[in-house]
Every structure is written in structure tokens, then in C-alpha cells.
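Reading the structure
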Amino acid sequence: MVRTTTRSLVLSMLLCWVFQACNPTPETVEAERPNVIIIMTDDQGYGDLACHGNPHIQTPNLDALWQQSIRLTNFHVGTTCSPTRASLMTGRYCNRVGVWHTIAGRSQLDARENTMAGLFSDNGYRTGMFGKWHLGDSYPFRPHDRGFDEAVYHGGGGIWQQPDYWDNDYFDDTYFRNGVPEKFSGYCTDVWFDETLNFISDQSSRPFFAYLATNAPHGPFHVDSSYIKPYLGIEGIHPNFNGMITNFDDNMGRLTDSLRNWDLEQNTILIFLTDNGTARGASFDADGQLQRGFNAGMRGIKGSQYEGGHRVPCFWRWPAGKLEGGKDIDALTAHLDLLPTLVELLQLDNSSSMSSDGQSLVSLLRGENTNSWSDRILITDTQREEHPVKWKKSAVMKNSWRLIDREQLYNLERDPQQLQNIASENQEIVLELQEAYESWWQELEPSFSDFTRAVIGQPGIEEVVLYSHDWHEAENNLGEPNLGGEGTHYTPWNQTHIRNGLLVNGYWTVEIERRGTYNFGLRRWPVELNQPITSSIPEKEAVHGGNPLVEGKQIAISKARIEIAGEVMEKHVPADAHQIDFQIQLEAGPSQLKATFEGENNIRLGAYYVYVTQVAD
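Predicted, not measured: the structure shown is a model, and the values here were computed from it. (Residues numbered from 1 in each chain as written. Predicted model: local features only at pLDDT ≥ 70, side-chain atom pairs only at ≥ 80, totals over all residues. Heavy atoms only, no water.)

Let us look at the overall build of the chain. The helix and strand inventory of the chain stands at 12 helices and 29 strands. Taken against the 2.2 N^0.38 rule, which gives 25 Å for 617 residues, the C-alpha radius of gyration of the chain at 26 Å falls within 12% of a compact globule. With respect to the three principal axes, the spread of C-alpha positions in the chain is 95 × 75 × 50 Å. Across the 617 residues in the chain, those meeting the buried criterion constitute 58%. Residue pairs in contact within the chain that sit at least 24 positions apart in sequence constitute 71% of those at least 6 positions apart. (Helix = DSSP H or I, 4+ residues; strand = E, 2+ residues; numbered from the N terminus. Rg over C-alpha atoms; globule rule 2.2 N^0.38 Å. Buried < 20%, exposed > 50% of the residue type's maximum accessible area, 1.4 Å probe, protein only. Contact = heavy atoms within 4.5 Å.)

It is worth spelling out the environment of Arg280 at this point. By the secondary structure assignment, Arg280 is in the loop between β9 (268-274) and β10 (282-284). Residue Arg280 is classed as partly exposed on the basis of its relative accessible area, which comes to 35%. Measuring from C-alpha to C-alpha, the distance between Arg280 and Lys322 comes to 36 Å, with 42 residues separating the pair along the chain. What Arg280 contacts, discounting residues up to four positions off in sequence, is Phe221, His238, Phe241 and Arg292.

This part covers unusual backbone geometry. Looking along the chain, the bond that leaves Tyr139 and enters Pro140 is cis, with omega of 10°. Position of Pro140 relative to the elements: it lies in the loop between β4 (126-131) and β5 (150-153).

Before going further, it helps to examine the sheet that holds strand β23 (residues 516-523). If you trace the 4 strands from one edge of the open sheet to the other, you get β20-β29-β23-β26, paired in antiparallel fashion. Here the strands that pair on one side only, and so sit at the sheet edges, are β20 (464-467) and β26 (580-586). Across this sheet, the average inter-strand angle for adjacent strands is 25°, counted without regard to direction. Strand direction decides the pairing type here: β20 and strand β29 (residues 609-616), joined by 4 bridges, are antiparallel. Note on β29: the bridge partner recorded for Leu466 is Val610. (Pairing = 2+ DSSP bridges. Axes fitted to C-alpha atoms, helices over the stretch in contact; angles between N-to-C directions.)

This part is about the nonpolar core. Core analysis: the largest hydrophobic core is formed by 51 residues, its most contacted members being Ile38, Met116, Phe209, Tyr211, Trp316 and Leu342. For this core, the element with the highest residue contribution is helix α9 (residues 338-346), accounting for 6 residues. Core analysis: the next-biggest nonpolar cluster, separate from the first, contains 47 residues, Tyr518, Ile564, Tyr608 and Val610 among them. (Core = buried A, V, L, I, M, F, W, Y, C linked by side-chain atoms within 4.5 Å.)

To describe two helices that pack against each other, one gives the angle between their axes and the distance between the axes. Two elements in contact, helix α6 (residues 188-200) and helix α8 (residues 239-261), have axes whose closest approach is 10 Å; the angle formed by their N-to-C orientations is 10°. In terms of their interaxial angle, α6 and α8 are classed as roughly parallel. Residues Thr189, Asp190, Phe193, Asp194, Thr196, Leu197 and Ile200 of α6 pack against Asn247, Phe248, Asn251, Met252, Arg254, Leu255, Ser258 and Leu259 of α8. The class makeup of the residues in the contact of α6 with α8 is 7 nonpolar, 5 polar and 3 charged. (Parallel < 35°, antiparallel > 145°, perpendicular 65-115°, else oblique. Nonpolar A, V, L, I, M, F, W, Y, C, P; charged D, E, K, R; others polar.)

All chains considered together, the criterion is met by 32 salt bridges. Between Asp328 and Arg71 there is a salt bridge; the shortest N-O distance is 2.7 Å. Note that Asp328 is positioned in strand β13 (residues 327-329) and Arg71 in strand β2 (residues 70-72), a separation of 257 residues in sequence. Look at Asp328 and you get partly exposed, because its relative accessible area is 46%. A relative accessible area of 7% places Arg71 in the buried class. Linking Arg260 and Asp257 is a salt bridge whose minimum nitrogen-to-oxygen distance equals 2.9 Å. (Salt bridge = Lys/Arg side-chain N within 4 Å of Asp/Glu carboxyl O.)

Let us now look at the packing of helix α3 (residues 60-68) against α8. Where α3 meets α8, the axes come as close as 7 Å, and the angle between the chain directions of the two elements is 55°. One element, α3, and the other, α8, form an angle in the oblique class. Mapping the contact onto sequence places Pro60, Asn61, Leu62 and Leu65 in α3 and Phe248, Asp249, Asp250, Met252 and Gly253 in α8. Looking at the contact of α3 with α8, its residues break down into 5 nonpolar, 2 polar and 2 charged.

The next thing to look at is the packing of aromatic side chains. Evaluation of the coordinates by the stated rule reveals 29 aromatic pairs. Taking 6.1 Å as the distance between ring centres and 80° as the angle between the ring planes, the aromatic pair formed by Trp160 and Trp493 counts as edge-to-face. Remark: Trp493 occurs in the loop between β21 (472-476) and α12 (495-500) and Trp160 occurs in the loop between β5 and β6 (174-177); sequence separation between them is 333 residues. Ring geometry for Trp166 versus Trp525: centroids 5.8 Å apart, planes at 80°, classification edge-to-face. One end of the pair, Trp166, is in the loop between β5 and β6; the other, Trp525, is in the loop between β23 and β24 (557-564), with 359 residues separating them in the sequence. By relative accessible area, which is 6% here, Trp166 ends up buried. Residue class for Trp525 comes out buried when judged on its relative accessible area of 0%. Site record: aromatic cluster; members linked through ring pairs are Tyr93, Trp100, Trp391, Tyr437, Trp440, Trp441 and Phe448. Directly above the ring of Trp66 sits Arg71, whose terminal nitrogen or CZ lies 3.8 Å from the centroid. Its end group placed over the ring of Tyr306, Arg299 keeps NZ or CZ at 3.8 Å from the ring centre. (Phe/Tyr/Trp six-rings, centres within 6.5 Å; stacked < 30°, edge-to-face > 60°. Lys NZ or Arg CZ within 6 Å of the ring centre and 35° of its normal.)

Next up on the list: the sheet that holds strand β1 (residues 35-41). With respect to topology, 10 strands assemble into an open sheet ordered β7-β6-β5-β4-β8-β1-β9-β12-β2-β13, the strand pairing being mixed. Among the strands making up the open sheet, the edge pair consists of β7 (180-183) and β13. Strand-to-strand twist in this sheet, taken as the mean axis angle between neighbours without regard to direction, amounts to 15°. Across 6 bridges, β4 lies against strand β8 (residues 208-213) in parallel orientation. Looking at β8, one finds that Arg126 is bridged to Phe208. Contacts from α3 reach β2, β9 and β12 (314-317), with the element oriented near 65° to β12. Each of β1, β9 and β12 is contacted by α9, which is oriented at about 170° to β9, the strand it contacts most.

Here you go:
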């Protein structure tokens with residue numbers, strides 16, 4: 001009797017196991033789907049790793065990941081921060097989605113674009129973003145507006161930039177959690193990893209997508225002195241820059257150890273890349289000759305159209321998916337390719353996204369059909385303009401060929417430093433790459449006159465903050481536009497500019513979502529500083545190898561003015577006023593907003609901060 005019962009029990013368990021295997025529950029399916037972690041550093045170039053031959057930097061954990069990963073050795077991104085992030089998040093050329101600058105309203109990702117986070121969320125993943133976003137600080141551009149369930153981030157393109165919380169300095173700062181300021185303890189990179197590990201350790205049955213984008217080693221170059229000391233006295237290097245990378249590397253070890261200890265290592269796709277060429281790891285003279293540092297034999301650094309400006313590391317590791325083992329892939333690839341690759345690897349439903357400019361890398365990662373990549377052409381450029389300029393600082397790439405600025409041609413196999421222009425001897429290649437660029441430009445050009453717009457009056461969004469960082473067409477006190485072409489001289493994009501009281505102004509592009517009465521609060525200083533418009537503020541002491549921040553100037557402001565949708569209003573500014581409020585009835589639709597302070601001796605400057613709320617329908 002006991003024997004029969006035991007047999008029945010075993011048979012019942014076996015049938016149950018077979019049924020579950022053939023008919024998995026939603027929980028079982030979710031548990032089998034791989035997690036995804038994308039980690040991206042800021043301003044770390046291809047040569048800023050020991051595994052790429054740099055003799056003066058300590059990156060043991062990145063070196064270990066390099067050994068365990070498939071490495072894309074001919075991988076390209078944008079030449080600066082926001083353009084790379086826009087393409088990474090959408091799989092589309094940055095110039096197509098409204099992002100070809102890092103400030104001046106041209107770093108805000110078009111609200112019509114679905115993002116990688118939105119795609120993962122649509123497919124049942126938990127989504128988290130930690131660190132540097134740099135695709136917009138006003139609604140609807142913030143990370144938690146764009147598909148991330150959890151987002152902990154600094155403002156603007158770096159700590160201490162104008163949209164960031166006032167007086168952050170990398171240590172014990174206040175960051176934003178889903179838009180709400182929150183005080184943190186510790187060094188910024190440590191905080192980003194802490195928050196990422198907290199997110200990963202959630203015991204939810206749903207798989208996760210974590211996007212960890214550090215602001216390190218972007219300037220200002222603040223890091224604990226213990227990380228600086230090993231690099232002091234080494235000729236040709238930047239000790240703080242290298243120290244920031246080594247701190248990041250220590251945190252990478254913390255993350256990879258945690259994945260292993262939590263039994264997540266095998267079924268987690270871990271991708272590491274950087275956002276552009278090095279910022280401080282090397283320097284070059286006007287002829288492209290290396291002057292100091294190490295750049296893996298390439299010409300150019302961050303912002304350059306030459307190889308060192310946009311060729312960066314990209315490592316892929318997924319043990320359960322057989323993506324490991326220290327293999328190099330030299331096919332021409334790019335940041336555009338990550339999203340379509342993940343769509344294919346994970347069989348994600350991508351119907352909510354627009355078509356990608358990238359290609360799935362699955363065949364390359366699996367070692368299949370690699371010959372089909374030989375005809376591929378990719379384009380990157382450095383614009384930093386209100387509207388893109390044709391051929392400006394451009395690179396057209398095919399195999400080892402590089403067409404630079406329409407006229408210069410280089411072959412990297414023979415000339416990896418891009419010092420010998422061979423365009424005259426290879427006119428057929430020049431014409432092919434010029435034609436590819438012309439076609440690309442013609443396709444993208446219609447969108448160059450479009451504006452991304454902060455949305456005011458969206459139900460559920462109580463307040464929208466507008467920052468001078470995002471002014472369009474800023475001009476100085478004499479009404480002169482910036483003629484330098486780089487769009488930064490007259491745009492107050494960092495907190496030193498605010499302290500200096502730059503006498504400049506520009507306008508914001510906005511969308512009034514619904515008819516109503518809106519309050520516009522004009523400020524010179526941000527609300528957290530709680531200072532009168534006309535007041536000065538004290539100098540801020542230097543921290544960990546940085547420079548002190550200058551005293552904030554006192555400015556004799558007496559009048560405030562606002563212009564929007566054909567309405568113009570002015571008010572007197574009392575000496576003790578922190579904010580000047582204007583209430584304006586507006587119809588729904590697009591508009592431009594300009595907010596101005598004026599004072600004695602024809603002083604005129606923009607309100608660097610404007611806080612907008614709806615007060616009545």
C-alpha cells in the first residue's frame with residue numbers, strides 16, 4: 001500500500017513537471033528572460049583602459065570584463081554626450097531625433113520618440129536609470145517621463161551644470177529621484193552604483209533593464225585624494241581624470257561580484273561602452289600629432305570627427321546566451337545597433353517604436369554571416385549649432401575608409417593616425433562616400449527646423465521648471481548673437497555662469513497643453529538657494545582637487561518682463577523679492593517664452609530659472 005502510494009506520488013510529480021515545462025506560467029517565463037544592464041561612462045576614450053594598452057591606468061575589473069566579453073573593436077558613437085545618448089536610447093541618428101548639441105534646447109530628445117526604456121517597459125521589464133541622463137530636464141524630457149520606472153540622476157550634462165541641484169560638487173550631493181530632490185551621502189559614482197544595486201536586488205519576478213550612466217570621468221574632475229595619489233608625478237597624464245576612472249573600476253568590481261553572489265551573472269546581458277572619445281587622456285596639436293597621453297594610436301579626442309573622437313570600447317557578456325569568451329569583432333558597428341540587437345536577442349515587441357537606423361548585431365555576436373557587413377556605411381558628426389550645418393566636422397565610414405569633412409580621405413589600415421590625406425588618389429571612394437552623405441543629409445534635413453518643446457499644462461504635472469541651459473539663440477546684452485558657431489559662449493549652461501550673472505538672454509520653445517491661466521515665476525537664483533534676485537552669494541570652497549566657485553555677483557535689477565503668445569507684461573522688482581510672478585491666460589498651442597530682468601545702465605539679462613504652474617482652467 002505504501003509502495004503504491006509512493007509510485008503514484010512520483011508519477012503525479014513527473015506529470016506535473018512535464019505539464020509545467022510544456023505550459024510555463026507567466027512567472028516562469030519572466031524568470032527565464034535575461035536581465036539587461038547597460039553601463040556607460042562619460043568622456044572615457046578607447047585608450048583609457050589598461051586592457052587597450054594604456055600603461056598608466058589601473059582598471060583591473062574592466063580588464064577582467066574585457067577577457068570575458070565579446071569586444072566590438074570598430075564601434076562608434078557620437079562625438080559628445082547628448083548625441084550619443086539620444087542614439088543609444090532610440091536606435092536612430094541623433095540628428096533625426098532633435099539632439100545635435102549638449103545645450104541650447106538641442107539636447108532634448110524628441111517627445112515623439114519611444115526609448116529603449118519605454119520598449120523594455122512595454123515588454124514587461126522593470127526599468128531603472130542611474131547617473132547622467134542629459135536628454136532634457138523639463139517635462140516631457142526627463143528619464144521618468146521616458147519609460148524609466150525608477151530614475152536617480154543629476155541635472156544637465158554634469159554635476160554643477162545649471163539644471164543640477166545648486167552647489168553639488170560630487171560629494172554628499174542632492175540628486176533627483178523621479179524628479180524630486182533627495183540628499184545622498186558619498187561620492188557620486190558610488191551613489192549611482194549603490195542605487196543600481198538596490199534596484200537590481202529587488203526580489204520581483206519580473207526581469208530588469210538597468211541603465212547606469214556615470215558622469216565620471218567628465219569634469220569638473222573631483223575625486224577622493226586616495227584615487228589621485230597613485231597618478232601623481234606621472235608625466236603626460238591627468239591624475240584626477242585617471243583617478244575617477246579607477247574609482248569607477250572599483251565600483252564595476254562591486255557590481256560584477258554582486259551579480260555573481262546573487263546568481264544573476266549567467267542570465268544577465270552586461271554591456272559596457274563609453275559616450276565619446278577621451279576628454280583628458282590625450283591631447284594633439286593642430287596637425288593631429290599626439291602631444292601627451294595615450295589614445296590607442298588614434299587621432300582626435302572628444303568632439304573630434306577623427307577616429308579618437310568617436311571610436312570607443314563596447315563589451316558584451318551573456319554567459320547563458322553564449323556571448324562570452326574574449327572574442328574580437330572588427331566589423332563596423334555603432335550605438336545605433338544596441339536597441340535592434342536587444343530586440344532580436346530578447347524577441348521584444350517593437351511595434352511601439354519608430355524604425356531604427358541601426359542593425360541587429362546578433363549574426364556578428366553569434367559568428368554567423370559576417371561578410372554581409374562589408375558594405376555598411378555609418379556617419380557621425382559634431383554640430384553644436386542651432387540648426388545643423390552640412391558637412392560640419394563629419395566622418396563618413398566604410399570598412400577602413402574615413403571621409404572627413406567632405407574632402408579628406410584616410411585608410412585606417414595603412415594610416416591609423418589619419419595623417420595622410422589620400423583623397424586625390426581614390427576619387428571613386430570619395431564620390432561613393434560623398435553620395436552616401438548627401439542621401440543621409442537629404443533624408444534628415446526636413447527635421448532640422450523642428451523644435452522640441454517643454455510641455456506646460458499636462459494633467460498630473462504640477463510644475464515645469466525651465467532652465468537657461470536650454471535657451472535658443474542666446475544673445476548678449478547688446479543684442480549680438482554668438483558668432484562663434486559653437487553655441488556655448490552666450491548660453492549660461494553651468495552654475496559659474498549664473499554666479500557671474502552673464503548679461504545674456506534667449507528664449508524657450510514650449511507647448512501649452514490646454515487652455516488655462518498659468519503662473520510664471522521668474523528667478524535669478526534657483527528656488528533651493530532661497531536668495532533675493534538682486535543679492536550676491538558667497539564663494540564656494542574647492543573640494544578634492546577642484547577649483548573654488550566664484551562669488552555670485554550682486555546685480556541691480558529693478559524690472560521683470562515676460563513675453564509669450566503675443567502677451568507682454570512687466571513688473572517692478574523689489575529689492576527683497578526672490579521671485580516675480582506673472583499670471584497669464586493662454587490658449588493651447590506652441591509658443592516661445594522669453595523672460596527678462598532689467599536694471600540700471602541698460603543692464604539686461606534673462607531669468608535663468610522659470611517655474612511654471614497652472615492656477616486655473
